[in-house]
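Chains, contacts and geometry: an overview
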Amino acid sequence: MKLSADELEKGQLSLETLSQALTLIQVAGYVVFERAIPEDLIEALFNEHQKIFDKYLENPDPTFGKNHYRTYLPFRKPFADERVVANDFVIPLLNSLLGKDFVCHYLASNTCIPESELQPPHSDVYPLFPGTDIKPPPYHVVVNIPLVDVTEENGPIEFWGGGTNLNTFGMEEVEALAPYMSSQYATMPAGSIFIRDGRMWHRGTENRSTAPRPNLAMVYTRPWVDVGTRRIGIPQENYDALSDRARTIFRQELVGGELDEIAD
């Protein structure tokens, strides 16, 4: 979706856009707001991420597919800028999808570098009632912000829209069924916001370009959901600098903890 000049200036979705976006997530599993983050902030995020990622590659963690990397990011600016972690276009959607007491449990980047390989199709969250036909409302939402233009050449996310309705399947079944279903590639300009139900089937793809494709990732959930990753370390002064709304969103993290710092 292309936000209007008025929405971008005010930092607020119109009621019509909000309604359409909610319907898209509920029916297809996702929505994209194109170029929703200011260019100067994206430039700052890219430059700071590059320093961290270069340091990370000196001793990377095991990958989920060749040359696909997850890097935990420090809860400081520019990453902790509220236009990133508590974005005015995203919060109204999360309020409706997850309830107003939702939390954020994850601040990281997913970066594929040249010669990355296909990941297996998967979803990012476990089914609440495996082996049953119960399909609960959303309880886990992923927000991605690409720091470069995402094309079909540099490793876009491949996704199966509507896969949220199939959340009772395990990973082996997803891998078996996905080839028989239509998929799309999440190509979009840098600074877009890709909001998706965590149950939606997807995978990282091959980066056939000559440069990395960094993608910020935040996970927002209902407060009782365990995403299975380590909590975000937030120094007290960084937490105190947040708005009341953002402090509520990060209330379950390691407030007073140390930064997940890789590079100086």
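Our subject in this report is the structure included herewith. (Residues numbered from 1 in each chain as written. Predicted model: local features only at pLDDT ≥ 70, side-chain atom pairs only at ≥ 80, totals over all residues. Heavy atoms only, no water.)

Bringing the environment of Asn 67 into the picture now. Mapped onto the fold, Asn 67 is located in the loop between α3 (39-56) and β2 (68-72). For Asn 67, a relative accessible area of 14% puts it in the buried group. Through-space distance from the C-alpha of Asn 67 to that of Val 148 is 17 Å; in sequence the pair is 81 residues apart. (Helix = DSSP H or I, 4+ residues; strand = E, 2+ residues; numbered from the N terminus. Buried < 20%, exposed > 50% of the residue type's maximum accessible area, 1.4 Å probe, protein only.)

Glancing now at the environment of Leu 242. Along the chain, Leu 242 turns up in the loop between α7 (236-240) and α8 (244-249). A relative accessible area of 8% places Leu 242 in the buried class. Considered as a pair, Leu 242 and Leu 98 are 144 residues apart in the sequence and their alpha carbons are 21 Å apart. Residue contacts for Leu 242: discarding those within four places in its chain leaves Phe 75, Ala 80, Glu 82 and Arg 247. (Contact = heavy atoms within 4.5 Å.)

The buried fraction of strand β4 (residues 140-146) is high, at seven of seven residues. Residue alternation in β4 divides its side chains into two sets, His 140, Val 142, Asn 144 and Pro 146 and Val 141, Val 143 and Ile 145, and both sets are buried. Relative to strand β9 (residues 213-221), β4 runs antiparallel, the two being bridged by seven bridges. Bridging from a neighbouring strand, Pro 146 pairs with Asn 215 of β9. Here β4 runs beside strand β7 (residues 193-197); their pairing, made up of four bridges, is antiparallel. Counted as the bridge partner of Asn 144 is Phe 194 from β7. (Pairing = 2+ DSSP bridges.)

Interpretation in functional terms is not warranted from these geometric data alone.
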